[in-house]
Amino acid sequence: MSDRVRLAVRITGVVQGVGFRPFVHALAARLDLSGHVGNDSTGVFAEIEGERAAVSEFLAAVREQAPPLATVGQVSSRELETQGTAGFRIMASPDGAGANTLVAADSATCADCLRELHDPADRRYRYPFVNCTNCGPRFTIVRSVPYDRPTTTMAPFAMCADCAREYHDPADRRFHAQPVCCPACGPRLRLDGHPGDPISSTVELLRQGAVVAIKGLGGYHLAVDASDEAATGRLRSRKHREDKPFAVMVPDLATARRLCEVDDAAERLLTERARPIVLLPSRRLVAPSVAPGNKRLGVMLPYTPLHHLLLEEFGGPVVLTSANVSDEPIVHRDDDARRRLSGIADAFLWHDREIHIRTDDSVVRAFRGRTQLQRRSRGYVPEPVALGGKFARHVLACGAELKNTFCLVKDDHAVLSHHIGDLENFETLRSFTEGIEHFSRLFDIKPDVVAHDLHPEYLSTKYALDLTGVELVGVQHHHAHIASCLADNGEDGPVLGVAFDGTGYGPDGTIWGGEFLLADFAGFERLAQLTPVPMPGGAAAIRHPWRMAAAYVEDADGLAVFRRHEPDWASVVAMARRGVNSPLTSSAGRLFDAVSALLGVRDVVNYEGQAAIELEQLADPVEPGAYRAEESVDLVAQVVEDLRAGVPAPVIAARFHNGMAELIRRTCERLRDLTGVGTVALSGGVFQNVLLLDRAVEALAGKGFRVLTHSRVPTNDGGVSLGQAVIANRRCRLP
């Protein structure tokens, strides 16, 4: 009796555009199985027939030996009647109404393609668009699914005979690789106004100090020589970006090590396939205007063949910053680039492969050996964040106002958007709305539940409130932060949630930002907070941290900050006392601002969080002392006391950070006694401060707490949408 069996197999997850069908084809050939495999709107389908042992081995290998870019979700099968057919083939993708598959993120150029790029005998020698099933563009070129060439921006490029031969050869690395191309049939690179080799001409322009707009995977970058102070200064002036650091691309790890301190964790981040910007301790060997006043440098390695060619020929670090003006989103359309960047760029290096969805570079850092995402975008998006169980309904979460992302949830996975930015202008709002429309089509998610922030003036909230035919769920900002941390760690709660950030709308009408919550997905209770203080001038106090110093320290005679603002100090103090245009806030961010101004670090900020970032970098990392305080105002009082005593500012900054960590520990100990909960979740933009985060984790763990921090999604407002989504799902399930 034959032990032959035939199965219909369904594979879901990130399984399209990653070489999964050729992998299945090769696996079936090795196991002597017949049948077929194909893509459809729900993932990969296959029928396999052969000896039962071989079929069992196939099902195990599909999970355990999947291609490097694949993320296998579910593998299901059902038995069919055997047909006795021979051979195994890849079928054309059928038309389908739904779209339940997931799409891979863009991936850095693989070692095999790099070898071809540098081989003079290879037909793709120095071709800037070399790619294969294991690397290259994915998310940024996909218009719809199933993922096939006609549904990508590669559709206009008909394959030549050589590329078609590779594409149809099961033994070839480019078997069914949708972006496959070569110099004869693929996209072309051009440098406007320069008829020669565009790579060499661009390198020469950079050496001459020019600002060059370079079209990449997810948008245009602005590039200058990172060692040229005059060039970086010009770029800052033209871009209206006073102080915020620029990112730098380097040709190799050796250059990264020369410019920065690179440990094993940082090397792993630099070389992973996402190729993010990695924040590293700087040796300050680039031009001062690259990262003024900043001890860290954002560094990334080349992630496209074009970048490899440019950086190898240039031979040194190049500033590579998002091409935009001020706080507008990254430019990704060619006509838009020429219109919006004409006053910034001296030249345009571009290509004729369209970018369908704009995607900024991701930003990460290492924390205690783990990845800590600061901006989750290219290389990570749209790969899903797995959830603990299935959602009963489709959810859209609209996110926060600053560092906005949105989140769509279907079944057991959450798809976080790329980094949208601050929703404070029309261009960014348009990017937000277009992104929601694209993701909804791409993943066939038709939300019937929409979550939003409670702040009525946020553009993301207004967008939600304008929708019809959906159930709206308002979610408090800091509850969303803690829920995001829970989801990031695969936890349900309850936890003691410490949510420290700059601004969040409180249900009591005040501005929250220094909160201790008892929280799970279903709800929260505010158990403690930092001492509320007035914000003199409202939003003006965010832009001018010295105003927060005045709110905390009325009698500042003799202090340098008082002397710098003596004509206005008394009126600002009076404004705060009377509560005129001075809303109360418990914000940890505003507390850091006040201390920064008191220590002479930053009276006026040019970008969000600047005062706190520079205060962290001022702090002496080996200072063991800590201010002891039960209230945040007492911390400030001790800062002033040490200032009057002539204690050096780096020591004061360190004692303040250590005191904040101790305040967190003592408060959580008191709340553990009250609630019996021994797990703490730390979330909010203030915990991007690695010195505070490290000290807080150490202090809490030393007292027996289990501490949750972020890894898969940002601790800042870029993670809020995930928290909104899981809260909305839980609320809608409650009776």
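Parameters at a glance
- Residues numbered from 1 in each chain as written.
- Predicted model: local features only at pLDDT ≥ 70, side-chain atom pairs only at ≥ 80, totals over all residues.
- Heavy atoms only, no water.
- Helix = DSSP H or I, 4+ residues; strand = E, 2+ residues; numbered from the N terminus.
- Rg over C-alpha atoms; globule rule 2.2 N^0.38 Å.
- Buried < 20%, exposed > 50% of the residue type's maximum accessible area, 1.4 Å probe, protein only.
- Contact = heavy atoms within 4.5 Å.
- Areas by Shrake-Rupley, 256 points an atom, 1.4 Å probe, with all protein chains shown as cover.
- Phe/Tyr/Trp six-rings, centres within 6.5 Å; stacked < 30°, edge-to-face > 60°.
- Lys NZ or Arg CZ within 6 Å of the ring centre and 35° of its normal.
- Salt bridge = Lys/Arg side-chain N within 4 Å of Asp/Glu carboxyl O.
- Pairing = 2+ DSSP bridges.
- Axes fitted to C-alpha atoms, helices over the stretch in contact; angles between N-to-C directions.
- Arc of directions from axis to C-beta.
- Polar contact = N/O pair within 3.5 Å; in protein donor to acceptor, adjacent residues only side chain to side chain.
- Expected span 1.5 Å × (residues − 1).
- Left-handed = near helix turned anticlockwise from the far one by under 90°.
- Nonpolar A, V, L, I, M, F, W, Y, C, P; charged D, E, K, R; others polar.

### A closer look at the overall build of the protein
Okay, so step 1: When you go through the protein residue by residue, the secondary structure sums to 23 helices and 28 strands.
Okay, so step 2: Since a compact globule built from 735 residues should have a radius of gyration of about 27 Å, the 27 Å found for the protein is in line with a globular shape.
Okay, so step 3: The dimensions of the protein, computed from C-alpha atoms along their principal axes, are 90 × 65 × 45 Å.
Okay, so step 4: Going through the 735 residues of the protein one by one, you find that 60% of them count as buried.
Okay, so step 5: Put simply, of all contacts in the protein between residues at least 6 apart along the chain, 72% involve residues at least 24 apart.
Okay, so step 6: When the accessible area of the protein is evaluated, it comes to approximately 26800 Å², of which 50% is carbon and sulfur surface.

### With respect to the packing of aromatic side chains
Okay, so step 1: Here the structure, examined in full by the defined rule, presents 13 aromatic pairs.
Okay, so step 2: With 5.4 Å between their ring centres and 75° between their planes, Phe 20 and Phe 23 make a pair best called edge-to-face. Separated by 3 residues within a single helix, Phe 20 and Phe 23 lie in helix 1 (residues 20–30), roughly one turn from each other.
Okay, so step 3: Exposure remark for Phe 20: the relative accessible area of 2% places this residue in the buried category.
Okay, so step 4: Overall, Phe 23 belongs to the buried group, its relative accessible area being 15%.
Okay, so step 5: Linked through ring pairs, Phe 139, Phe 406, Phe 432, Phe 439, Phe 443 and Tyr 463 together constitute an aromatic cluster.
Okay, so step 6: Sitting over the face of the ring of Tyr 303, Arg 378 holds its NZ or CZ atom 3.5 Å from the ring centroid.

### Quick notes on the environment of Val 18
Okay, so step 1: With respect to the helices and strands, the residue Val 18 is situated in the loop between strand 1 (4–14) and helix 1.
Okay, so step 2: For Val 18, a relative accessible area of 1% puts it in the buried group.
Okay, so step 3: Each C-alpha atom of the pair Val 18 and Cys 135 lies 8.0 Å from the other, and the pair is 117 residues apart in sequence.
Okay, so step 4: Sequence-distant contacts of Val 18, that is, excluding residues within four places in its chain, are made with Pro 67, Leu 69, Ala 70, Ala 104, Thr 133 and Arg 138.

### Overview of the pattern of salt bridges
Oppositely charged side chains may form a pair once their charged atoms are brought near each other.
Okay, so step 1: Applying the stated criterion across every chain yields a total of 52 salt bridges.
Okay, so step 2: Overlapping salt bridges, with partners in common, bring together Arg 333, Asp 336, Arg 339, Arg 340, Glu 427, Arg 430 and Glu 434 in one network.

### Observations concerning the sheet that holds strand 12 (residues 318–322)
Okay, so step 1: Here we have 10 strands laid out as an open sheet, ordered 6-13-7-8-12-9-11-10-14-15, and mixed in their pairing. Two strands lie at the open edges of the sheet, namely strand 6 (189–191) and strand 15 (370–375), each paired on one side alone. Neighbour to neighbour, the strand axes of the sheet diverge by 35° on average, direction disregarded.
Okay, so step 2: Of the strand pairs in this sheet, strand 7 (residues 212–215) and strand 8 (residues 220–225) are connected by 4 bridges, and their pairing is antiparallel. Among the inter-strand pairings, Val 212 is bridged to a residue of strand 8, identified as Ala 223.
Okay, so step 3: Each of strand 14 (363–367) and strand 15 touches helix 22 (residues 690–702); the most contacted strand, strand 14, lies at about 35° to it.

### Focus on the pairing of strand 13 (residues 347–351)
Along any regular strand the residues' side chains alternate between the sheet's two faces.
Okay, so step 1: The buried fraction of strand 13 amounts to 5 of the 5 residues, a majority that puts the element mostly inside the structure.
Okay, so step 2: What you see with strand 13 is no split at all: Ala 347, Leu 349 and His 351 on one side and Phe 348 and Trp 350 on the other are buried throughout.
Okay, so step 3: Here 3 bridges tie strand 6 to strand 13, and the two strands are oriented antiparallel to one another. Within the sheet, the bridge partner assigned to Leu 191 lies in strand 13 and is Leu 349.
Okay, so step 4: Pairing between strand 7 and strand 13: 3 bridges, direction parallel. Looking across to strand 13, one finds that Ala 213 is bridged to Phe 348.

### Here we look at helix 8 (residues 264–271)
Okay, so step 1: Looking only at helix 8, the buried set comprises Ala 265, Ala 266, Leu 269 and Leu 270. For helix 8, the angular spread of the buried residues around the axis is 135°, confining them to a single face.
Okay, so step 2: By the N-cap criterion, in which a side-chain oxygen at the helix start approaches the backbone nitrogen of a residue two or three places on, helix 8 is capped by Asp 263, the distance to Ala 265 being 3.3 Å.

### Comments concerning the environment of Gly 13
Okay, so step 1: Following the sequence through the fold, Gly 13 ends up in strand 1.
Okay, so step 2: Relative accessible area serves as the criterion here: at 11%, Gly 13 is assigned to the buried category.
Okay, so step 3: Spatially, the C-alpha atom of Gly 13 lies 6.9 Å from that of Gly 43, the residues being 30 residues apart in sequence.

### Some points on helix 13 (residues 477–488)
Okay, so step 1: Look at helix 13: 17 Å from first C-alpha to last across 12 residues, which is about the 16 Å you get at 1.5 Å a residue.
Okay, so step 2: Taken together, the buried positions of helix 13 are occupied by His 477, His 478, His 479, Ala 480, His 481, Ile 482, Ala 483, Ser 484, Cys 485, Leu 486, Ala 487 and Asp 488.
Okay, so step 3: Its side-chain oxygen at 2.7 Å from the backbone nitrogen of His 478, Gln 476 defines the N-terminal cap of helix 13.
Okay, so step 4: Count one or two residues on from helix 13 and you reach Gly 490, which has phi positive near 65°.

### Structural notes on the pairing of strand 10 (residues 277–281)
Okay, so step 1: One ladder, built from 2 bridges, connects strand 10 with strand 14; its direction is parallel. The partner of Ile 277 across the bridge, within strand 14, is Val 363.

### Quick word on the environment of Arg 241
Okay, so step 1: Note that Arg 241 resides in the loop between helix 6 (229–239) and strand 9 (247–249).
Okay, so step 2: The exposure class of Arg 241 is buried, given its relative accessible area of 18%.
Okay, so step 3: The sequence separation of Arg 241 and Ala 155 amounts to 86 residues, and the corresponding C-alpha distance is 38 Å.
Okay, so step 4: Discounting chain neighbours no more than four positions away, the residues touching Arg 241 are Arg 236, Phe 246 and Thr 321.
Okay, so step 5: At 2.5 Å, the side chain of Arg 241 forms a polar contact with the backbone oxygen of Pro 245.
Okay, so step 6: Engagement of the side chain of Arg 241 in a polar contact is seen with the side chain of Thr 321, the distance being 3.2 Å.

### Details of the sheet that holds strand 4 (residues 71–80)
Okay, so step 1: In spatial order, the strands read 4-1-3-2-5; together these 5 strands make up an open sheet with mixed pairing. Of all the strands in the sheet, the pair left with one neighbour each is strand 4 and strand 5 (88–90). Looking at each pair of strands side by side, their axes are set apart by 15° on average, direction ignored.
Okay, so step 2: In the sheet, strand 2 (residues 34–40) pairs with strand 3 (residues 43–51) via 7 bridges, with the strands oriented antiparallel. In the strand pairing of strand 3, Gly 35 is matched with Ile 48.
Okay, so step 3: Contacting strand 1, strand 2, strand 3, strand 4 and strand 5, helix 1 crosses the sheet at an angle of about 175° to strand 5.
Okay, so step 4: On top of the sheet, helix 2 (residues 52–64) reaches strand 1, strand 3 and strand 4; it is set at about 160° to strand 4, its chief contact.

### What to know about the packing of helix 15 (residues 545–552) against helix 17 (residues 566–578)
Okay, so step 1: Viewed as axis vectors pointing N to C, helix 15 and helix 17 meet at an angle of 65°, and their least axial separation amounts to 9 Å. Regarding helix 15 and helix 17, the two cross each other, and that crossing is right-handed. Judged by residue contacts, Trp 546, Arg 547, Ala 549 and Ala 550 of helix 15 engage Asp 568, Trp 569, Val 572, Val 573 and Met 575 from helix 17.
Okay, so step 2: Across the contact of helix 15 with helix 17, the residue classes tally to 7 nonpolar, no polar and 2 charged.

### A closer look at the side chain of Glu 614
Okay, so step 1: Its location among the elements puts Glu 614 in helix 19 (residues 610–618).
Okay, so step 2: Aside from chain neighbours lying at most four places away, what touches Glu 614 is Gly 293, Val 601 and Arg 602.

### Section: unusual backbone geometry
Okay, so step 1: A cis amide bond links Val 381 to the next residue, Pro 382, at an omega of 10°.
Okay, so step 2: With respect to the helices and strands, the residue Pro 382 is situated in the loop between strand 15 and strand 16 (385–386).
Okay, so step 3: Going from Gly 493 to Pro 494, the amide bond is cis rather than trans, its omega being 5°.
Okay, so step 4: Checked against the element boundaries, Pro 494 lands in the loop between helix 13 and strand 22 (495–505).
Okay, so step 5: Backbone geometry places Asp 32, a non-glycine residue, at a positive phi of 60°.
Okay, so step 6: Exposure remark for Asp 32: the relative accessible area of 65% places this residue in the exposed category.
Okay, so step 7: You will see that Arg 275, though not glycine, has its phi angle at about 45°, which is positive.
Okay, so step 8: As for its position among the elements, Arg 275 is in the loop between helix 8 and strand 10.

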